[in-house]
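The lines below spell out each chain.
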Amino acid sequence: MQVDVTFRHVKSSKALRAYAEEKLEKAKKYLSEPITAHVVLEVERDRHRARVDLSAHGATCQGEATTIDLYAAIDGVMDKIEKQLKRRKDRNGRHHGLPHHGALEQLNGSSRPSRGNGVSRRRTANNQGDGLQREGLMGKPMGIEEALLEFRQSKTDFFVFRNDESNEINVLYRRKGGGFGLIDPSY
């Protein structure tokens, strides 16, 4: 972890620098290496402010806290940063269980959809040199119950259809533990 500590209007202190670095070690459990952090500690009259800019692999977090003590300001800003990192980890963790590999196979054409699954392919395919074959999928308008009946008969991992109530594209998918899930953007 690379940590830069800047002192403004306050004398630089090894103890403050070490305290800030110690508190930043908590970020390692939320982000993978390499982590870069820039800490600004400043004093204006009776306000002590700590600002932290943290980044790792495109993920950035920023926080600021103002108190009457620099140690308390560091604690406050690190609480804010840790809350942001937890929220980011929870948000990213929710997407890991979705069966996305079947969608990519179907787009690449390696697995054929079964007849009557509500998905019709456009004849034009678009390959833009990145190795991904792009094809448009047009869903047949149907209700959720009708789509679920057709999906149960198919062998695919997911089922794309146009919801006849909302006129939005919906996706039914098989859950790992059994059962089905519905992705509905209008919900």
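Placed above this text is the structure.
Worth saying up front: this structure is predicted, and the values here are computed from it rather than measured.

Conventions we followed
Residues numbered from 1 in each chain as written. Predicted model: local features only at pLDDT ≥ 70, side-chain atom pairs only at ≥ 80, totals over all residues. Heavy atoms only, no water. Pairing = 2+ DSSP bridges. Helix = DSSP H or I, 4+ residues; strand = E, 2+ residues; numbered from the N terminus. Axes fitted to C-alpha atoms, helices over the stretch in contact; angles between N-to-C directions. Contact = heavy atoms within 4.5 Å. Core = buried A, V, L, I, M, F, W, Y, C linked by side-chain atoms within 4.5 Å. Buried < 20%, exposed > 50% of the residue type's maximum accessible area, 1.4 Å probe, protein only. Phe/Tyr/Trp six-rings, centres within 6.5 Å; stacked < 30°, edge-to-face > 60°.

## Focus on the sheet that holds strand E2 (residues 36-44)
So, step 1. Within the open sheet, the four strands sit side by side as E1-E2-E3-E4. Their pairing is mixed. What marks the edges here is a single partner per strand, and that holds for strand E1 (2-8) and strand E4 (59-67). Averaged over neighbouring strand pairs, the angle between their axes works out to 10 degrees when direction is ignored.
So, step 2. Pairing of E2 with strand E3 (residues 47-56) involves nine bridges; the strand directions are antiparallel. By the bridge assignment for E3, Glu42 is matched with Arg49.
So, step 3. Each of E1, E2 and E3 is contacted by helix H1 (residues 14-24), which is oriented at about 140 degrees to E1, the strand it contacts most.

## Digging into the nonpolar core
So, step 1. Residues Leu24, Val39, Leu41, Val52, Leu54, Ile74 and Leu85 are the most contacted members of the largest nonpolar core, which totals 29 residues.
So, step 2. When residues of this core are traced back to their parent elements, those giving at least two are E1, H1, E2, E3, E4 and helix H2 (70-93).
So, step 3. Broken down by element, the residue count for this core peaks at seven residues, all from H2.

## Here's the deal with the packing of aromatic side chains
So, step 1. Tallied over the full model, the rule gives four aromatic pairs.
So, step 2. Pairing Tyr19 with Tyr71 gives two aromatic rings, centres 5.0 Å apart and planes at 75 degrees, and the pair type is edge-to-face. Here the residue Tyr19 occupies a position in helix H1, and Tyr71 occupies one in helix H2, the gap between them amounting to 52 residues.
So, step 3. Residue classification places Tyr19 among the buried residues on the basis of a relative accessible area of 19%.

## What about the pairing of E3?
So, step 1. Hairpin geometry of E2 and E3 is characterised by an intervening segment of two residues between the two adjacent antiparallel strands and by a positive phi of about 55 degrees at Arg45.
So, step 2. Both E3 and E4 contribute to a ladder of nine bridges, which runs antiparallel. Looking at the pairing, Ala50 lines up with Ala65 of E4.

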